[in-house]
Amino acid sequence: MAEAASLKLGELKALTYDTTNDVFYFTDAHRTDGYTNINTLKLRNDGSTQIKTIVKLNDRDVSIEDLVYDFNDDALFYSDRNKERIMRVNFDRSNPESVTVAQELFLSTTGQPAGLELDACKRNLYFAIATDDPNINVISIKDKNAKPICNGKHKQPNAIALDESNDRIYIADRSSNIYFINSFTNEGDDFKVELKSFSRTPRSLAVDHQYVYYLDGNEHELRRILKHGEMKNTSEFFMKFSSDPTDVIVRSNFIDAMKVDMKKCDVSEGRMKELRSVIDKVRNQDSN
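Below is a summary of the structure that appears in this document. (Residues numbered from 1 in each chain as written. Predicted model: local features only at pLDDT ≥ 70, side-chain atom pairs only at ≥ 80, totals over all residues. Heavy atoms only, no water.)

Quick word on the overall build of the protein chain
- Across its full length, the protein chain holds two helices and 20 strands.
- The 288 residues of the protein chain split such that 50% are buried.
- Considering only contacts within the protein chain whose residues lie at least 6 apart along the sequence, 41% involve residues at least 24 apart.
- Approximately 14,100 Å² of the protein chain is accessible, and the part contributed by carbon and sulfur atoms is 45%. (Helix = DSSP H or I, 4+ residues; strand = E, 2+ residues; numbered from the N terminus. Buried < 20%, exposed > 50% of the residue type's maximum accessible area, 1.4 Å probe, protein only. Contact = heavy atoms within 4.5 Å. Areas by Shrake-Rupley, 256 points an atom, 1.4 Å probe, with all protein chains shown as cover.)

Section: the sheet that holds strand β19 (residues 221-226)
- One open sheet holds the four strands; their spatial order is β17-β18-β19-β20, and the pairing between them is antiparallel. Across the chains shown, the open sheet's two edge strands, defined by having one partner strand only, are β17 (202-207) and β20 (236-240). Going from strand to strand, the sheet's axes swing by 25° on average, the running direction of each strand aside.
- Pairing geometry for strand β18 (residues 211-216) and β19, over six bridges, is antiparallel. Of the residues in β19, the one forming a bridge with D216 is E221. (Pairing = 2+ DSSP bridges. Axes fitted to C-alpha atoms, helices over the stretch in contact; angles between N-to-C directions.)

Topic: the packing of aromatic side chains
- In this structure the tally under the stated criterion is eight aromatic pairs.
- Each ring, one from Y25 and one from F91, has its centre 5.5 Å from the other, and the planes form 40°; the classification is tilted. One end of the pair, Y25, is in strand β2 (residues 23-29); the other, F91, is in strand β7 (residues 85-92), with 66 residues separating them in the sequence. Residue Y25 shares its accessibility class with F91, and that shared class is buried.
- When the centroid spacing of 6.0 Å and the interplanar angle of 55° are considered together, the rings of Y211 and Y213 count as tilted.
- The structure contains a cluster of three or more aromatic residues connected by ring pairs, namely Y25, Y69 and F91. (Phe/Tyr/Trp six-rings, centres within 6.5 Å; stacked < 30°, edge-to-face > 60°.)

A look at the pattern of salt bridges
- Per the stated rule, a full pass over the model turns up 19 salt bridges.
- Its salt-bridge partner being K42, residue D22 comes within 3.7 Å of it at the nearest N-O pair. Residue D22 is found in the loop between β1 (11-18) and β2, and its partner K42 is found in strand β3 (residues 36-43); the two are separated by 20 residues along the sequence.
- Linking K122 and D167 is a salt bridge whose minimum nitrogen-to-oxygen distance equals 3.3 Å. Of this pair, K122 sits in the loop between β9 (113-119) and β10 (124-129) while D167 sits in the loop between β13 (159-163) and β14 (168-175), and the two are 45 residues apart along the sequence.
- On the basis of relative accessibility, which here comes to 31%, the residue D167 falls in the partly exposed class. (Salt bridge = Lys/Arg side-chain N within 4 Å of Asp/Glu carboxyl O.)

Notes on the sheet that holds strand β5 (residues 64-70)
- If you walk across this open sheet you meet the four strands as β5-β6-β7-β8, and the pairing is antiparallel. Among the strands making up the open sheet, the edge pair consists of β5 and β8 (100-108). Taking the axes of each pair of neighbouring strands and ignoring which way they run, one obtains an average angle of 20° across the sheet.
- Bridge analysis of β7 against β8 gives eight bridges, and the strand direction is antiparallel. Within β8, the residue paired with M87 across the bridge is L105.

Here's the deal with the pairing of β9
- In terms of residue burial, β9 counts as a mostly covered element, since seven of its seven residues are buried.
- Bridge count between β9 and β10: five bridges; the pairing is antiparallel. Considered in β10, the bridge of E117 is made with Y126.
- Linkage of β9 to β10, two consecutive antiparallel strands, is achieved through a turn of four residues, within which R123 is found at a positive phi near 65°.

What about the pairing of β14?
- Most of β14 is tucked away, with six of its eight residues classed as buried.
- Here β13 pairs with β14 via five bridges, running antiparallel. Within β14, the position partnered with A159 by the bridge is A172.
- Following β13, the chain reverses through four residues before pairing antiparallel with β14; D167 in that reversal takes a positive phi of roughly 50°.
- Where β14 lies against strand β15 (residues 178-185), eight bridges are found, and the strand directions are antiparallel. Paired with A172 across the bridge in β15 is I181.
- Between β14 and β15, which follow one another and run antiparallel, lie two residues, and S176 among them has a positive phi close to 60°.

Okay, here's the thing in structure tokens:
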């Protein structure tokens, strides 16, 4: 693993958060050697950061579009647009001083995969296919049975956000020069257009208890819309960036989603208790 001092970051793209280990995972396509890395970023109590490379993909054709972490299996999924596949990275933390990883092919896709989202409780992975036959799919992590949901409604989807507390999925999509944020239930029902715009370019969605956040690629902004209500033609400005942002997550979304009915959750009570203990620790740190 490379320490932060020796890393020269190139083009950053995908980002996800690991609640149980309190680290961020992000991709970095190095301009110098052409390879893509997956790194961890740890925020220390003194405000400093620690960055380590955990996966170096020695293949210049790899193009990672999105990442998602699975706390139950301690695994990281990523979508590879160019190679039309979803890969899984498994962690071995038996030696905390030297964490190792092993990659495996999780799914070969028909068309280029884009956004990924995980329903960790119900053990389902959602992904968007942006080309060929654009659609949103759900696949069971346990048996790898995949099926399209809300089929025929999508034009060029490129990002997904899962609202676990309401069992609803939000999609960033486009048709020609018209941009949309759409939503439907995690079973593919009750399709709604949440935002329709000619001037905004939604990418990388995230949700909390009240808002849907999205990055605007044209204006280098983070914007948001209320989750509930009628279709909108505009959104609310939230934050401006000096350069082009590529990914956004809401850490509190996963914490809020842990208020679940265990009868509907395919995760052991012991594992969930362990996760809640970690979440309480994070909350206490944030409040200090």
